[in-house]
Amino acid sequence: MKEEKYLIEKCGKENPFKTPEGYFENFTRNIMEQLPEKEIQAVPETTLWHRIRPWIYMAAMFCGLMFGARLFLHDTETAQEESASSLQLFSSSLPDEYIDPIVDQTMMDDYTLYQYLTDADIEIYK
């Protein structure tokens with residue numbers, strides 16, 4: 001507090017900083033004169049390749065997705081075919097005397113078994 005009073009007594013309360021007369025009237029013009037001139041750059045030409053490049057990339061992406069999905073789905077179909085063929089081999093090598101206990105273990109009555117066999121796909125019996 002004492003230091004502050006001492007500084008006020010020594011320097012006073014007046015602002016020591018002042019702007020020259022007419023400084024802000026010519027301020028914009030003076031700044032613009034000091035700036036270097038910029039060369040106007042020509043707009044680069046857009047070629048046909050630059051315009052169609054995003055569309056080609058998108059088409060390639062969709063082709064890749066379709067190829068991947070087709071490859072994946074083909075593998076699952078092949079796996080289903082293999083499991084169906086292995087089931088057919090298993091059922092053809094199974095003697096008739098084992099079929100009755102297996103059917104009894106599934107706890108199916110005759111009507112449910114008949115309904116299942118009539119609703120089943122014909123392809124599994126070939």
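The structure displayed is predicted, hence computed values, not measured ones.

*Asks:* Residue-level account of the overall build of the chain, with values.
*Replies:* The secondary structure content of the chain amounts to 5 helices and 0 strands. Mapped from its N terminus to its C terminus, the chain presents α and β elements in the order α-α-α-α-α. A buried classification covers 1% of the 126 residues belonging to the chain. In the structure as shown, the chain presents an accessible area of about 13,200 Å², 61% of it carried by carbon and sulfur atoms.

*Asks:* Report on a nonpolar patch on the surface, specifying residues and quantitative values.
*Replies:* Together, Tyr-23, Phe-24, Phe-27, Ile-31, Met-32 and Leu-35 make up a nonpolar patch on the protein surface, roughly 600 Å² of accessible area in all. For Phe-24, the location among the structural elements is in the loop between helix 1 (2-11) and helix 2 (27-34). By relative accessible area, Phe-24 is classed as exposed at 57%.

*Asks:* Summarise the environment of Trp-49; cite the residues concerned and give the values.
*Replies:* Looking at the secondary structure, you find Trp-49 in helix 3 (residues 48-93). For Trp-49, the contacting residues outside a window of four places in its chain are Ile-56 and Tyr-57.

*Asks:* So, the packing of aromatic side chains: which residues are in play, and what are the values?
*Replies:* Under the defined criterion, the tally for this structure stands at 3 aromatic pairs. Taken together, a centroid distance of 5.2 Å and an interplanar angle of 80° make the contact between Tyr-23 and Phe-24 edge-to-face. Ring geometry for Tyr-23 against Phe-27: centres 5.6 Å apart, planes inclined by 55°, an arrangement best described as tilted. The partly exposed category is assigned to Tyr-23, whose relative accessible area is 37%. Of the residues examined, Phe-27 reaches a relative accessible area of 34% and is grouped as partly exposed. A connected cluster of aromatic rings, assembled from ring pairs, spans Tyr-23, Phe-24 and Phe-27.

*Asks:* Describe the confidence of the model for the chain, naming the residues involved and giving the relevant values.
*Replies:* Per-residue pLDDT for the chain has a mean of 78; in total, 76% of the residues score no lower than 70. For the chain, per-element mean pLDDT is lowest for helix 4 (residues 96-105), which scores 71, and highest for helix 2, which scores 88.

Rules and cut-offs
Residues numbered from 1 in each chain as written. Predicted model: local features only at pLDDT ≥ 70, side-chain atom pairs only at ≥ 80, totals over all residues. Heavy atoms only, no water. Helix = DSSP H or I, 4+ residues; strand = E, 2+ residues; numbered from the N terminus. Buried < 20%, exposed > 50% of the residue type's maximum accessible area, 1.4 Å probe, protein only. Areas by Shrake-Rupley, 256 points an atom, 1.4 Å probe, with all protein chains shown as cover. Patch = residues over 30% accessible without salt bridge, like charges linked within 9 Å, V, L, I, M, F, W, Y side chains within 5 Å. Salt bridge = Lys/Arg side-chain N within 4 Å of Asp/Glu carboxyl O. Contact = heavy atoms within 4.5 Å. Phe/Tyr/Trp six-rings, centres within 6.5 Å; stacked < 30°, edge-to-face > 60°. pLDDT = per-residue confidence, 0-100.

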